[in-house]
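Structural features, examined
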Amino acid sequence: MKNIVVLISGNGSNLQAIIDACEQKKINGTIRAVFSNKADAFGLERAREANIPAHSLEAAQFASREAFDRQLMQEIDAWAPDVVVLAGYMRILSPAFVAHYSERLLNIQPSLLPNRQVLENGDEEHGTSVHFVTDELDGGPVILQAKVPVFEGDSEDDVTARVQAQEHTIYPLVVSWFIDGRLKMRDNAAWLDGIRLPPQGYAADE
């Protein structure tokens, strides 16, 4: 059984989706631990409810970002992770952290990378992207995207709810691909079943 470690900063709704997928055997792995940089993150409560070890590490305890990340790496490594999943983790990672978990560090971004500011731009669609993490902020190879429509008169909450519904579907799917050995990162690209994915990832237009 492969080991998953999840990093969060807040509510942990994507964490919950991954917990549920593991319990339903849709992911052939086990969440060994959840870490947060905020002690009051509700996601830690979700982890405890599921009997998953929940830890918080606060930046104020450390002299630098590098020192924080060194301690975090040490604590994560105690769980021997096959994959580290960022699920609403709001800290920028140090290059040393990214290098340490190179090719096994996943993130989800509520935008169709490289697009942002959907409502301000008047865009007709929004979406979410799962990608490998590299030193370039939100610049790692995209694995899978999901698109949602933006309707006239939508509030930010309307669009966010639509995007999150997609996130809770695609993130567990990508984690399962990785755990099953179908998904890899090499040559700064995402590969699924031995096929190099295009820059926008595995995006099937419905």
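First, a word on scope: everything that follows refers to the structure included in this document. The shown structure was predicted, so the numbers you read here are calculated from the model rather than taken from an experiment.

A few words now on the sheet that holds strand β8 (residues 183-186). Spatial strand order, β8-β9-β10: 3 strands in an open sheet with antiparallel pairing. Of all the strands in the sheet, just β8 and β10 (195-196) have a single pairing partner and so form its edges. Note that β8 and strand β9 (residues 189-192) share 4 bridges and pair antiparallel. What sits directly across from R186, in β9, is A189.

Right, let's talk about the pattern of salt bridges for a bit. Overall, the coordinates contain 2 salt bridges when judged by the stated rule. R48 serves as the salt-bridge partner of E45, at 3.3 Å between the closest nitrogen and oxygen. Here E45 pairs with R48, and both are found in helix α2 (residues 42-49), just 3 residues apart, close to one helical turn. Put simply, R182 and D193 hold a salt bridge, and the shortest N to O gap is 2.8 Å. With R182 in the loop between α6 (156-179) and β8 and D193 in the loop between β9 and β10, this pair connects stretches of sequence that are 11 residues apart. We classify D193 as partly exposed; its relative accessible area is 45%.

Before going further, it helps to examine the pairing of β9. Residues in a regular strand project their side chains so that they alternate between the two faces of the sheet. Side chains of β9 alternate between two faces, with A189 and W191 and A190 and L192 buried alike. Here β8 hands over to β9 after 2 residues, with D187 in that stretch at a positive phi of 55°. Inspection of the sheet shows β9 paired to β10 by 2 bridges, in the antiparallel sense. Note that in β10 the partner of L192 across the bridge is I195.

With that settled, the discussion passes to helix α3 (residues 65-77). Here α3 contains 13 residues, and its C-alpha end-to-end distance of 18 Å stays within 8% of the 18 Å for a straight helix at 1.5 Å per residue. On its buried face, α3 sits against β1 (2-8), β2 (29-36), β4 (83-86) and α4 (95-100).

Before going further, it helps to examine unusual backbone geometry. Most peptide bonds take the trans form, and the phi angle of most residues other than glycine is negative. Despite not being glycine, K25 shows a phi value in the positive range, around 65°. For K25, a relative accessible area of 69% gives the class exposed. Despite not being glycine, N188 shows a phi value in the positive range, around 55°.

Take the environment of M90 next. Note that M90 resides in the loop between β4 and α4. For M90, a relative accessible area of 66% corresponds to the exposed category. Measuring from C-alpha to C-alpha, the distance between M90 and L7 comes to 9.2 Å, with 83 residues separating the pair along the chain.

Criteria and cut-off values
Residues numbered from 1 in each chain as written. Predicted model: local features only at pLDDT ≥ 70, side-chain atom pairs only at ≥ 80, totals over all residues. Heavy atoms only, no water. Pairing = 2+ DSSP bridges. Helix = DSSP H or I, 4+ residues; strand = E, 2+ residues; numbered from the N terminus. Salt bridge = Lys/Arg side-chain N within 4 Å of Asp/Glu carboxyl O. Buried < 20%, exposed > 50% of the residue type's maximum accessible area, 1.4 Å probe, protein only. Expected span 1.5 Å × (residues − 1). Contact = heavy atoms within 4.5 Å.

These figures capture arrangement, not role.
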